[in-house]
Amino acid sequence: MSETPHPIDLLIEARWIVPVEPRGVVLEQHAVAIDGERIVALLPIADARARYAPRERVVLDEHALIPGLVNAHVHNPMTLMRGLADDLPLMRWLQEHIWPAEAKAIGPEFVRDGIELAVAEMLRGGTTCCNENYFFPDVQAATYRRLGFRAMVGLPVIEFPSAWAATRDEYFDKGLAVHDEFRGEALLGTSFAPHAPYTVSDESFERIHLLSDQLDLPVHLHLHETAHEVEDARRDRGARPFARMQALGLVNERLIAVHMTQLTDAEIAACAEAGVAVVHCPESNLKLASGFCPAEKLRRAGVRLALGTDGCASNNDLDMFGEMRTAALLAKAVAEDASALDAASALHAATLGGAQALGWSERIGSIEAGKQADLAAIRLDEIETQPLYNVISQIVYATGRQQVSDVWVAGMRKLRERVLSDLDVAELREKARRWRERLAG
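These numbers were taken from a predicted model, which means no experiment stands behind them.

Chemist: What is the right way to look at helix α5 (residues 168-182) in this model?
Modeler: Residues separated by three or four positions in an α-helix point in the same direction, a consequence of the helix having 3.6 residues per turn. Taking 1.5 Å per residue, 15 residues should reach 21 Å; α5 reaches 22 Å between its end C-alpha atoms and fits that length. Elements in contact with the buried residues of α5: α4 (137-147), β7 (150-157), β8 (188-194) and α6 (202-215).

Take a look at the structure:
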């Protein structure tokens, strides 16, 4: 006597499923069973149809289903500054263009509207989670919550006044209030986000270290972004920034170190031993001529490696497919090894690697029973991805983000056959136009 099929909310049947864990595996003609926000099973389609009675069935007959991509370093309100100041070195870009523009525009509306535009772009590109680093984290968190998008929201710390806070104490007080307000949110987390060693004092870093330990919060930090940063630190402080972070106790498993283009072998070994996560932002680094993160050395040393786009003011997009491809190609050139950062490793860095960096690998980053149903479907029958020999290689080296058809965050469908569920594209365009007029004026 056969068992009665078990009722569930959703069954997604796909031509291919790339679970990411185990690495490099591709499952053909499999299904993901979802109930509520969680994955309950990953199994062959025939078995799924016998075992489950879904309220909704989605058939992806020419698609690959992957975990939602994790953009592990963004400044999403800066999407409104896309293309504002291009083809400039980092410090000129910051000091002469970005910081003055922010002084003119930054505020709650700017942050809200920039994040709305960014979420629309990320969802259309298969990204379901980001690690945010900007001012007004209260507005950020409220906007991500309203849009049902998964985000780690950084609590900014910097030694000069901004529209968000005027003093060091105010940065900490307001940041901790945001942490308390949003602590119970299912899709949100908080981290400390000190800007960089050259803009944050030892006193602030010591306070961050103490609070990070007490609250078990990550520390999201730009570190060793350029050779200039490292040289200035050696001249002014007698130590490389990484050594300073070590002395302050911040080189540990909670550190999310972004960029890391200037690393010695000893520093790489120290990252591996301490459990540091490194976020590689290859396209932003290339555009600003910041240097090359030794991604393959880090990976081989066992360092947790994630990928990020950085902000649209320095990239100029939030395209994680482009970031995977660039990371894989650049790693080969830097390592002088064509096997460096292979396609499966690049996909891992863009999914489970990002989840590990945020401390969320038990929730997201791979397609496994018990995890949240953060998923992206990619059409692979487009002319640009034919013929198809290797699914993972095709995703990393040939697929464009425009081939993402459907996206789910915690089991909720956010993109349906390229149409956004919760955002009005015409309204987003109009808001972007108004901000362009204001910033360009």
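There is more to say after this.
Chemist: Which parts of the structure should I look at to understand the pairing of strand β6 (residues 127-132)?
Modeler: When you tally the buried positions in β6, you get six out of six residues, the bulk of the element. Here β6 pairs with β7 via four bridges, running parallel. Across the sheet, E132 pairs through a bridge with V153, a residue of β7.

Chemist: Would you mind showing me how to read the side chain of S201 here?
Modeler: Relative to the assigned elements, S201 resides in the loop between β8 and α6. In terms of polar contacts, S201 uses its side chain to reach the side chain of R168, at 3.1 Å. Leave out the neighbours within four places in its chain, and S201 touches E159, R168 and R244.

Chemist: Is there a simple way to explain the packing of helix α2 (residues 90-105) against helix α16 (residues 425-440) in this structure?
Modeler: To characterise two packed helices, one gives the angle between the axes of the helices and the distance between these axes. It is the contact of α2 with α16, at a shortest axis distance of 10 Å, that shows an interaxial angle of 115°. Viewed along their axes, α2 and α16 adopt a mutual orientation that is roughly perpendicular. The chirality of how α2 crosses α16 is right-handed. Contacts between α2 and α16 involve A101, K104 and A105 on the former and, on the latter, W435, R438 and L439. Tallied by class, the residues present in the contact of α2 with α16 amount to four nonpolar, no polar and two charged.

Chemist: Where do I start with the environment of T199 in this structure?
Modeler: One can find T199 in the loop between β8 and α6. Linking T199 and G291, residues 92 residues apart in sequence, is a C-alpha distance of 20 Å. Sequence-distant contacts of T199, that is, excluding residues within four places in its chain, are made with I158 and E159.

The rules behind the values
- Residues numbered from 1 in each chain as written.
- Predicted model: local features only at pLDDT ≥ 70, side-chain atom pairs only at ≥ 80, totals over all residues.
- Heavy atoms only, no water.
- Helix = DSSP H or I, 4+ residues; strand = E, 2+ residues; numbered from the N terminus.
- Expected span 1.5 Å × (residues − 1).
- Contact = heavy atoms within 4.5 Å.
- Buried < 20%, exposed > 50% of the residue type's maximum accessible area, 1.4 Å probe, protein only.
- Pairing = 2+ DSSP bridges.
- Polar contact = N/O pair within 3.5 Å; in protein donor to acceptor, adjacent residues only side chain to side chain.
- Axes fitted to C-alpha atoms, helices over the stretch in contact; angles between N-to-C directions.
- Parallel < 35°, antiparallel > 145°, perpendicular 65-115°, else oblique.
- Left-handed = near helix turned anticlockwise from the far one by under 90°.
- Nonpolar A, V, L, I, M, F, W, Y, C, P; charged D, E, K, R; others polar.

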